[in-house]
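Given next are the chains, with one letter for each unit.
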Amino acid sequence: MKKKNVYIGTAVTLTAAASSSVALAYDYGKKVIYREHLNKIEQENWYEDINAQRIQIKNHKGLYLSGYLIEKENADKTIICLHGLMESAYHLVKTVHYLQSIIDNANILMIDSSAHGLSDGYIRGFGYRDISDLMFF
C-alpha cells in the first residue's frame, strides 16, 4: 500500500511540474511572438538624425514592412541592413555610421522585419520566414 501511495504521489508531482512548465513556455512564447506594445523611440523620427527617409514596402503577403532609406547621389550599390530578433532598425544606427565610414557611393536600406519596429505582422519562424521578404526586394 505504501508503494502505491509513493507512485501516486510521484505521478501527481510530475504532472504538476509538467503543467507548470507548459504554462511558463506558453507565456514566454506569447511574449516573444505577439507584440503587445511599441517602443516609444521606434515611433519617433530618430531616422532623421542619420538623413534617412521612412518608407513602407508591401511584402508578398500584403503586410507593410517599415524601412529607412539613406540615398546617396550617384550611388552604384545598395546595402540592406537587418536587425536581430526583438530589435528594430533603430538598433542599426551605429552599423550605419560604420558602413558610411568605410563604403562610399552606397545607398543604405534598413528594414524592420515583420512584427518588429513599425512593421506589420507577428513573429513566426524566428527570422526564417523573413528570407522570402528579402528575396522580393
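Caption draft 1: Here's a closer look at helix 3 (residues 93-102). Taken residue by residue, helix 3 has Val93, Val96 and Leu99 as its buried positions. Looking down the long axis of helix 3, one finds its buried residues gathered within 120° of arc, a one-sided arrangement. Summarising the geometry of helix 3, the exposed residues directed more than 90 degrees from the buried face are Lys94, Tyr98 and Ser101. The secondary structure elements touched by the buried residues of helix 3 are strand 2 (64-70), strand 3 (77-82) and strand 4 (106-111).

Caption draft 2: Here's a closer look at the nonpolar core. Trp46, Ile50, Ala52, Tyr68, Cys81, Ile108 and Met110 are the most contacted members of the largest nonpolar core, which totals 16 residues. Among the elements of the structure, strand 2, strand 3, helix 3 and strand 4 are those that each provide at least two residues to this core. Setting aside anything within four residues of it in sequence, one finds Ile108 in contact with Tyr68, Leu69, Ile70, Ile79, Cys81, Val96, Leu99 and Gln100.

Caption draft 3: Spotlight on the pairing of strand 4. Counting buried positions over the six residues of strand 4 gives six, a clear majority of the element. Because side chains alternate across strand 4, one face comprises the buried residues Ala106, Ile108 and Met110, and the other comprises Asn107, Leu109 and Ile111, equally buried. Note that strand 3 and strand 4 share six bridges and pair parallel. When the sheet's bridge partners are listed, Leu82 is paired in strand 4 with Ile111. Regarding topology, helix 3 serves as the crossover connection from strand 3 to the parallel strand 4, and that connection is right-handed.

Caption draft 4: Seen up close, unusual backbone geometry. The backbone of Asn51 sits at a positive phi, close to 60°, despite the residue not being glycine. Among the secondary structure elements, Asn51 is positioned in the loop between helix 2 (40-43) and strand 1 (53-58).

Caption draft 5: How the structure looks around the side chain of His83. Checked against the element boundaries, His83 lands in the loop between strand 3 and helix 3. At a separation of 3.4 Å, a polar atom in the side chain of His83 contacts the main-chain carbonyl oxygen of Glu87. A distance of 3.0 Å separates a polar side-chain atom of His83 from the backbone nitrogen of Ser113. In this structure His83 touches Ser88, Ala89, Leu92, Ile111, Asp112, Ser113 and His116, once residues within four positions along its chain are discounted.

Caption draft 6: The sheet that holds strand 2, seen in detail. Taken in spatial order, the four strands line up as 1-2-4-3 in an open sheet, and their pairing is mixed. A single partner strand is all that each edge strand has here, and the edge strands are strand 1 and strand 3. Geometrically, the sheet is characterised by an average inter-axis angle of 30° between neighbouring strands, direction not taken into account. Relative to strand 2, strand 1 runs antiparallel, the two being bridged by six bridges. Looking at the pairing, Lys58 lines up with Tyr64 of strand 2. Against the sheet, helix 3 contacts strand 2, strand 3 and strand 4, and its axis sits at roughly 165° relative to strand 4.

Calculation rules
Residues numbered from 1 in each chain as written. Predicted model: local features only at pLDDT ≥ 70, side-chain atom pairs only at ≥ 80, totals over all residues. Heavy atoms only, no water. Buried < 20%, exposed > 50% of the residue type's maximum accessible area, 1.4 Å probe, protein only. Helix = DSSP H or I, 4+ residues; strand = E, 2+ residues; numbered from the N terminus. Arc of directions from axis to C-beta. Contact = heavy atoms within 4.5 Å. Core = buried A, V, L, I, M, F, W, Y, C linked by side-chain atoms within 4.5 Å. Pairing = 2+ DSSP bridges. Right-handed = clockwise from strand over helix to strand, strands pointing away. Polar contact = N/O pair within 3.5 Å; in protein donor to acceptor, adjacent residues only side chain to side chain. Axes fitted to C-alpha atoms, helices over the stretch in contact; angles between N-to-C directions.

That is the geometry; function is a separate question.
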